[in-house]
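Here are the chains, one letter per residue:
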Amino acid sequence: MVGTGGSVAPFSEWDYVVFVGTILGAAAVGLFQAIRTRKETSSAEFLLGGRQMTALPVGMSLTASFMSGITVIGTPAEAYWFGTAFWLFGFAYAFTSTATAEIFVPLFYRMEITSVYEYLELRFSRPIRIMGTSVYVVQTILYTGMVIYAPALALNQITELDLWGVLVATGVVCIIYCSLGGLKAVIWTDVMQMVIMLAGFVAVIARGAVLRGGLTQVWEDAGKGGRLEAFNFDPDPLKRHTFWSIIIGGSVTWLSIYAINQSQVQRYISCKTLGQAKLSLYINLVGMLVTLSLAMLSGLTMYSIYRKCDPFTNGDVSTRDQLLPYLVMDILADYPGIPGLFVAAAYSGTLSTVSSSINALVAVTTEDLVLPLCKNLSQKHVSWMNMGLSVFFGALCIGMAGVASLMGSVLQAALSIFGMIGGPLLGLYLLGMLFRTSNSVGGLAGMIVGLVLTLWVGIGSQIYTPTAEKTNPLPLSTVDCNSTAGQSATTASPWTSPVTLTSQPDVRPLLADSWYSLSYLYFALLGTLATVVSGLLVSAMTGGCKQENLNPDLLLKRSDLICFSWCGQSEESNITEEAGRDLHMEADNPAFIDYDMTSKHSEQATKL
């Protein structure tokens, strides 16, 4: 009987057909794009889709890039254990999309960049650019390894698919369509995978609602279980999720992901006009809100079904990230192919993120590390190098999946990584964009201070895990389970740290329940503020106020804050300091037509 514990039905033949068909379909998209654009071999075509993409596919790809298998598996488990507070991230998403579209997009778009870290060299110095690139590469490889491993582990223990076989298959498929099709293949594959991911959520919610007698009953069960108490206004920064930590800390965390992360910047600057680039971020906002809502409803549906027999407490699953796959096999096994659709949804999210990461890693490696040293490479050599780097980074990310095996809850682990590394990087960009007095010495010092602080608190929180008093897991029951494996009839779920790299020490230092218990959502805010403040102080002490010949295009302008292209006062958009007044937001940018890598670098050298 559904919801009473025990083993679940295995994968059927039709489930395997649906799952394998989805993966092969993703590879086919990459092959199609490779054949379609086989005569267009420029690096800009491979890395930026020729800068001729439109808003809709780019917007859906932006959503799919970080709404990965981690979202499919981790977000419903979050709602199941902790309630709907995570739903407040919708406000953070709205702020992030708006700020990125109206502040960062105009700046990066008018600079004609391929790697977002080119800005750091133009504004500060080449060592800072190399530092930013190196930090991003480490962050992305760690995150991508976790993205590959975590869904594979959860689904392996539910479906009995071979763990490492699936890991390698995932990486190989991504390598194929990244190395052959470039960014166009990644974006159009993301569109398909986004649709599959949403379909998986809808299937779970629909079937669960039928079993429980409607969504109204699901909502009532969630209310009785305390899952609808989202607004906690406790100002304590040590509490894991409060209104303030999500709205403030969550906004800064996601801003670091969308505003200055190469995977995202590379997409919206591939649009053919500035208006399309901005519109893609607002389309992305709609996609993020829909995905978040469906994931949270899936978690509430799961709680409604298992409210009296928690599979984790009952011993049916070993980690909370296996809850949703377990639910799928429990309630959808009678519908051949539907469990396969869900597994495909989880892996579609994984494929989209891995492919995005590989393409972005290739872009920054080519632009920031290779081309500055090998300036005479032909377009053909650069294209072959891009393909080779796609294979290399794909294999490296598969290998790094082993590191991710040391982590627990995939959702918090992912946001923690972005907070610890993305926060200081965001601070460095804000330092350069907003403050004319900041110089390269201050930027370097600020970045180092920010990284030291965030890595200190982040790694400390992994070693000395926050207590249940700070994390607030909600109670769960096993009163109706067929077998409780020695558990009491009603129990509060045991809580272990979502990100644990070592066993819990026996002795906790004084900092364990204060500094190391800081909410993971504040990591990015801490890093950003530390970088900006220390960077300004060091700049002031090293002659930052006396800088001359600073290119005004490298600073945020008042005209960059134009709202939408259809607003009355925003008929024009300032793309360059001199000629921008004549360029409408919906007109093709001539600098991005027939784009040539060599000419671009020559122009940048002239500016310098």
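For the structure itself, look to the data block above.
Residues numbered from 1 in each chain as written. Predicted model: local features only at pLDDT ≥ 70, side-chain atom pairs only at ≥ 80, totals over all residues. Heavy atoms only, no water.

Trainee: Sorry, what's going on with the overall build of the protein chain here?
Mentor: When you go through the protein chain residue by residue, the secondary structure sums to 20 helices and two strands. Going through the 608 residues of the protein chain one by one, you find that 61% of them count as buried. By sequence separation, contacts in the protein chain at least 24 residues apart represent 86% of the contacts at least 6 residues apart. Accessible surface, the protein chain: about 22,200 Å² in total, of which carbon and sulfur atoms supply 65%. (Helix = DSSP H or I, 4+ residues; strand = E, 2+ residues; numbered from the N terminus. Buried < 20%, exposed > 50% of the residue type's maximum accessible area, 1.4 Å probe, protein only. Contact = heavy atoms within 4.5 Å. Areas by Shrake-Rupley, 256 points an atom, 1.4 Å probe, with all protein chains shown as cover.)

Trainee: Even after reading the chapter, I still don't get the packing of aromatic side chains, so can you show me in this structure?
Mentor: Counted under the stated rule, the structure contains 24 aromatic pairs. Ring centres of Tyr119 and Tyr429 lie 5.7 Å apart, and the angle between their planes is 20 degrees; this geometry places the pair in the stacked category. Residue Tyr119 is found in helix H6 (residues 118–123), and its partner Tyr429 is found in helix H16 (residues 410–434); the two are separated by 310 residues along the sequence. Take Tyr119 and Tyr429: they sit in the same class, and that class is buried. With 6.2 Å between their ring centres and 20 degrees between their planes, Phe231 and Phe233 make a pair best called stacked. Feature note: the residues Phe104, Phe108, Tyr117, Tyr119, Tyr136 and Tyr429 constitute an aromatic cluster, connected by ring pairs. Here Arg123 stacks its cationic end above the ring of Phe124, 5.1 Å away from the centre of that ring. (Phe/Tyr/Trp six-rings, centres within 6.5 Å; stacked < 30°, edge-to-face > 60°. Lys NZ or Arg CZ within 6 Å of the ring centre and 35° of its normal.)

Trainee: What's the story with the packing of helix H5 (residues 89–110) against helix H10 (residues 243–258) in this structure? I'm lost.
Mentor: Closest axis-to-axis distance for the H5/H10 pair is 8 Å, and the angle between their directions is 45 degrees. Here H10 runs oblique to H5, going by the angle between their axes. For the pair H5 and H10, the sense of crossing is right-handed. Contacts between H5 and H10 involve Phe89, Phe91, Ala92, Tyr93, Phe95, Thr96, Ala99, Thr100 and Phe104 on the former and, on the latter, Ile246, Ile247, Gly250, Ser251, Trp254, Leu255 and Tyr258. By residue class, the composition of the contact of H5 with H10 is 12 nonpolar, four polar and no charged. (Axes fitted to C-alpha atoms, helices over the stretch in contact; angles between N-to-C directions. Parallel < 35°, antiparallel > 145°, perpendicular 65-115°, else oblique. Left-handed = near helix turned anticlockwise from the far one by under 90°. Nonpolar A, V, L, I, M, F, W, Y, C, P; charged D, E, K, R; others polar.)

Trainee: Would you explain H10 in this entry?
Mentor: For an α-helix, the turn length of 3.6 residues means that residues three or four places apart are oriented alike. A rise of 1.5 Å per residue sets the reference length of H10, with its 16 residues, at 22 Å; its end C-alpha atoms lie 21 Å apart and thus fit the reference within 8%. Counting buried residues along H10, 13 of its 16 residues qualify, which places the element largely inside the surrounding structure. (Expected span 1.5 Å × (residues − 1).)

Trainee: Which parts of the structure should I look at to understand the environment of Gly225?
Mentor: Assignment of secondary structure puts Gly225 in the loop between helix H9 (215–224) and H10. On a C-alpha basis, the gap between Gly225 and Ser304 in space is 8.8 Å, while along the polypeptide they are 79 residues apart. Those residues in contact with Gly225, other than ones at most four positions away along the chain, are Tyr303 and Leu474.

Trainee: I keep staring at the pattern of salt bridges and nothing clicks. Help me out?
Mentor: Pairing is possible between side chains that carry opposite charge, provided their charged atoms lie close to one another. On inspection of all chains with the given rule, the structure shows six salt bridges. Of the charged contacts in the structure, one is a salt bridge between Arg240 and Glu78, with a shortest N-O distance of 2.8 Å. Taken as a pair, Arg240 in the loop between H9 and H10 and Glu78 in helix H4 (residues 69–82) lie far apart in primary sequence, 162 residues in all. Summarising the burial analysis for this pair, Arg240 and Glu78 share the class buried. The closest approach of N and O atoms between Glu121 and Arg129, which form a salt bridge, is 2.5 Å. Among the charged side chains, a salt-bridge network with shared partners connects Glu121, Arg126, Arg129 and Asp368. (Salt bridge = Lys/Arg side-chain N within 4 Å of Asp/Glu carboxyl O.)

Trainee: Help me out: how do you make sense of the state of the cysteines in this one?
Mentor: A disulfide bridge is the covalent bond that connects two cysteines by way of their sulfur atoms. Counted according to the given criterion, the structure contains one disulfide. Covalently, Cys309 is tied to Cys481 through a disulfide, its sulfur atoms 1.9 Å apart. Negative torsions about the S-S bond denote left-handed disulfides, and the value of about 115 degrees found for Cys309 with Cys481 makes this one right-handed. Placement of the pair is Cys309 in the loop between helix H12 (274–306) and helix H13 (323–331) and Cys481 in the loop between strand S1 (475–477) and strand S2 (490–492), with a sequence separation of 172 residues. Take Cys309 and Cys481: they sit in the same class, and that class is buried. (Disulfide = S-S within 2.5 Å.)

Read these as geometric descriptors, not functional statements.
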